[in-house]
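Listed below are the residues making up each chain.
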Amino acid sequence: MALVSLNDIHFDYGRERILRGVNVAIHAGRRCALVGANGSGKTTLLSALAGELALQGGTRQLTGGVEIRLLHQETALDPAGDDASYLLDAVAGQAFARERDLESELASVARLLATAPASEHDALITRQGTLQQEFERLDGYTVQSRLEAALRGVGLLPATWQTRVADLSGGERRRAALAAVLLSGADLLLLDEPTNHLDLAACEWLENHLEQTDTACVIVSHDRHFLDRITSRTLHLDRGRVVVYSGNYSFFDKESRLRYDQDLAAWQRQQTRIRQTEEYIRRNIEGQKTRQAQSRRKQMDKEEKLERPTTEPGLFRFKLEPARPSGGTVLQAEGLTKGYSGVALFSGVDLHVSRGERIGVVGPNGCGKSTLLKLLAGRLTPDAGRVVPGHNVDLGYYDQELTSVADHNTVLQEMAAVDPSATIGELRSFVAAFGFGADLHDRLVGRLSGGERGRLALLRLIKEGHNTLLLDEPTNHLDIRSRESLEVALADYAGTLVVVSHDRRFLDHIVDKLVVFPEAGSDTAPRIFLGNWADWVRKRQEERNAPARTEARPRPAATTSAVTGPIIMSKNEQRRRQQWIAEAEETIAALEEEKEQAVAAMSAGVDPSRLQELGGRCVIIDEELAQLMAKWEYWHREMEEGP
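**Comments concerning the packing of helix H2 (residues 87–95) against helix H3 (residues 97–115)**
The axes of two packed helices give the description: the angle between them and the distance between them. Interhelical geometry of H2 versus H3 gives an angle of 95 degrees and a closest axis separation of 5 Å. Classified by the angle between their axes, H2 and H3 sit roughly perpendicular to one another. Contact residues: H2 offers Asp89, Ala92, Gly93 and Ala95, while H3 offers Ala97, Glu99 and Arg100. When the residues that make up the contact of H2 with H3 are grouped by side-chain class, the tally is 3 nonpolar, 1 polar and 3 charged.

Given below as structure tokens:
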């Protein structure tokens, strides 16, 4: 059954045509992804589905009794005019308004029964039974437990529940609004970037929650992992029209490329036919074949002209090249401690970063991930401990506030500031290759969208040629194609990478080592794990499901089960493992070189404190070498047992 449908709808913003004859129907229980280029009108289409848009053409049909809830991209919990409203009560008031009314009315009837004359008891008891039946149908007795579970799920812990809504941060209010929408019991949820402001644990909770309900959803998101797991149909908004694909995002990604090739070929064939027809008309309009020429002109005028497909859904091609290599040790963090207002975020953190390592930093919101990156970049001073940069280390830092680009510069001026010797033509070609059309070249940075500003900040890093990149949520402001472009560039990057991200697909493709933070305020130190996000999830699940056990031979930390039978790997998987093996060999060589230098220094005679430091470092190197060698052997076995 279609809950809501849009039939041949049109909507323009001034001269810009956004929706052009859109036809779409959302059926009960179906979870759909809504995708399209930035600015294509996805948010506008959600508003049309919700009935919040005054259509300029077409119709919207809503099945009777269907309730729709829309979570706008910038929606934050509204205290409803009451500045003293507390988080728990505010969310309950928005999510369970009907249940609260029934509860209040049941209490009122109970009070009346205690004082009313006997002649009124039958009517009151009947009313009480009706209310009780409706309250139970809405599962009213579980309201409190569902409310608390949802708040915990989106990352709002009990310490925040009695905080005034007006005192919450923007991210906390956004998560509270999401919880209220999810608990509303609506038949259709329209979610615009629901994973914004969620940490990885909250993203996983949201996925599990949506999978366990029968509620229909239309979801706009740049989180490819989320879309692949949750949705089974994809609505592609392109040039004002919707094309429906019967699969998740990965299915759409493959099929849309094939469709583009087909559409482009059809447009090219029509253009060739038009040119040939126009040439025939030109040569014969005034000769003996005038009637034939006129007839062909009429036929050509009647033929529906195809639009040229929009730019092929490919990637922006750019290359990150270090101007010079760094030494074997890139960064050495020792005993780092940092806190704010007397509350420690973390303490005693040790981290050694070797040349060529690709490290992801993950953990819940507020645990100190961005703070650690700022300490490593020298943007903050630790309360205790120190960060020692290695030889020839050239740090590039990308902060999620995008302060590395200046609002008063134009796009071209920003690039010229990094590369003064480049000509205007060279700069135009450079920025155009990363999605900055001619209309954006002279636009002030302060007037760019978040995604455009994020891409410009990345372009600065490209031009600057750093051999070590510290990236704080680099995908936050990027659309899906820009994220994929960045992944390709970082995969080929020869330098060292430390990245904070909650994009799981990005972490799987880019990093091979994780720094995993515990909850904020925990006494547990961050954990070092060799592997990417998917490896960590498997390992974490293994640890939850089975007691720790000592294995007879070392195995890589990322592996969780024995290989049984032949390993069937695609060519991409084979190339990926070959890349892992090559990177592991480079890291092993760098660690062995560093150990030789440390041993030589100890043999030459150093002061006792330095001797202890070098000895401790050698122990750490031995542990890392053992883990790397185990992974190296495991990947080689996979390659040998594969096709």
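We are not done yet, so read on.
**As for empty space enclosed by the protein**
Tallying each qualifying case throughout the model produces 3 cavities of 30 Å³ or more. Counted as a void, the largest cavity has a volume near 180 Å³. Contributing to the lining of the largest cavity are 14 residues, with Glu357, Asp512, Leu530, Thr587 and Leu628 lying nearest its centre. Secondary-structure elements contributing two or more residues to the lining of the largest cavity are helix H18 (571–604) and helix H19 (608–641). Its residues assigned to classes, the lining of the largest cavity comprises 5 nonpolar, 2 polar and 7 charged. A domain-level breakdown of the lining of the largest cavity finds at least three residues from each of domain 4 (329–544) and domain 5 (571–641). Quantified by volume, the second largest cavity comes out at close to 50 Å³.

**What to know about the side chain of Glu357**
On the secondary structure map, Glu357 appears in the loop between strand E11 (343–354) and strand E12 (358–362). Overall, Glu357 belongs to the buried group, its relative accessible area being 8%. A distance of 2.8 Å separates the side chain of Glu357 from the backbone nitrogen of Ser354, its partner in a polar contact. Every residue in contact with Glu357, bar those within four places of it in the chain, is listed here: His352, Thr496, Leu497, Lys513 and Thr587.

**Some remarks on the pattern of salt bridges**
Per the stated rule, a full pass over the model turns up 33 salt bridges. With a closest N to O distance of 2.7 Å, Arg229 and Glu207 form a salt bridge. With Arg229 in helix H8 (residues 224–230) and Glu207 in helix H7 (residues 200–211), this residue pair connects regions lying 22 residues apart in the sequence. Assessed through its relative accessible area of 32%, Arg229 is described here as partly exposed.

**Structural notes on the sheet that holds strand E16 (residues 496–500)**
Pairing in this open sheet of 6 strands is mixed, and the strands run E14-E15-E16-E12-E17-E18 from one edge to the other. This sheet does not close on itself; its edge strands, each paired only once, are strand E14 (395–398) and strand E18 (527–530). Within the sheet, the average angular offset between the axes of one strand and its neighbour, ignoring direction, is 15 degrees. Relative to strand E17 (residues 513–516), E12 runs parallel, the two sharing 4 bridges.

**So, the confidence of the model for the protein**
Looking at the protein as a whole, its pLDDT mean stands at 84, while 89% of the residues score no less than 70. Throughout residues 548–568 the model reports pLDDT below 50, and contacts reaching past four residues in sequence, or to other chains, amount to 36 contacts.

**Concerning helix H4 (residues 121–137)**
Note that an α-helix has 3.6 residues per turn; residues three or four places apart therefore point the same way. If you check H4, its first and last C-alpha atoms are 24 Å apart, about what 17 residues at 1.5 Å a residue would give, namely 24 Å. Among all positions in H4, only Leu124, Leu131 and Phe135 are buried. Seen along its axis, H4 keeps its buried residues to an arc of 40 degrees; they face one direction. The outward face of H4, more than 90 degrees from its buried face, is lined by the exposed residues Asp122, Thr126, Gln133 and Arg137. Contacts made by the buried residues of H4 are with H3. Looking at the residues trailing H4, positive phi occurs at Asp139, about 60 degrees.

**Examining the packing of helix H9 (residues 249–284) against helix H10 (residues 290–302)**
It is at 9 Å that the axes of H9 and H10 come closest, and there the two elements cross at 150 degrees. Considered as vectors, H9 and H10 are oriented roughly antiparallel to each other. Regarding H9 and H10, the two cross each other, and that crossing is left-handed. Between H9 and H10, the residues in contact are Ile274, Thr277, Glu278, Tyr280, Ile281 and Asn284 and Thr290, Gln292, Ala293, Arg296, Arg297 and Met300, respectively. Each residue belonging to the contact of H9 with H10 can be placed in one class, and the counts come to 5 nonpolar, 4 polar and 3 charged.

**Structural notes on unusual backbone geometry**
For Glu193, which is not glycine, the phi dihedral falls at a positive 55 degrees. Here Glu193 shows up in the loop between strand E6 (188–192) and H7. Residue classification places Glu193 among the buried residues on the basis of a relative accessible area of 5%. Residue Arg239 is not a glycine yet carries a positive backbone phi of 55 degrees. Secondary-structure assignment places Arg239 in the loop between strand E8 (233–238) and strand E9 (241–245). Look at Arg239 and you get partly exposed, because its relative accessible area is 27%.

**Section: the packing of aromatic side chains**
Tallied over the full model, the rule gives 6 aromatic pairs. Arranged with centres 5.0 Å apart and planes meeting at 90 degrees, the rings of Phe135 and Tyr141 form a pair that is edge-to-face. With a centroid separation of 5.3 Å and 65 degrees between ring planes, the pair formed by Phe529 and Trp536 is classed as edge-to-face. Look at Phe529 and you get buried, because its relative accessible area is 2%. Site record: aromatic cluster; members linked through ring pairs are Tyr245, Tyr249 and Phe252. Stacked on the ring of Tyr280, the Lys or Arg Arg296 has its end atom at 3.8 Å from the ring centre. In this arrangement the basic side chain of Arg455 is found over the ring face of Phe436, its NZ or CZ atom lying 4.9 Å from the centre.

Calculation criteria
Residues numbered from 1 in each chain as written. Predicted model: local features only at pLDDT ≥ 70, side-chain atom pairs only at ≥ 80, totals over all residues. Heavy atoms only, no water. Axes fitted to C-alpha atoms, helices over the stretch in contact; angles between N-to-C directions. Helix = DSSP H or I, 4+ residues; strand = E, 2+ residues; numbered from the N terminus. Parallel < 35°, antiparallel > 145°, perpendicular 65-115°, else oblique. Contact = heavy atoms within 4.5 Å. Nonpolar A, V, L, I, M, F, W, Y, C, P; charged D, E, K, R; others polar. 1 Å grid on protein atoms, 1.4 Å probe; cavity = no way out; pocket = protein on both sides within 12 Å on 5 of 7 lines; lining within 4 Å. Points joined across faces, edges and corners; volume = space filled by probe spheres on them. Domains from an automatic or database assignment. Buried < 20%, exposed > 50% of the residue type's maximum accessible area, 1.4 Å probe, protein only. Polar contact = N/O pair within 3.5 Å; in protein donor to acceptor, adjacent residues only side chain to side chain. Salt bridge = Lys/Arg side-chain N within 4 Å of Asp/Glu carboxyl O. Pairing = 2+ DSSP bridges. pLDDT = per-residue confidence, 0-100. Expected span 1.5 Å × (residues − 1). Arc of directions from axis to C-beta. Left-handed = near helix turned anticlockwise from the far one by under 90°. Phe/Tyr/Trp six-rings, centres within 6.5 Å; stacked < 30°, edge-to-face > 60°. Lys NZ or Arg CZ within 6 Å of the ring centre and 35° of its normal.

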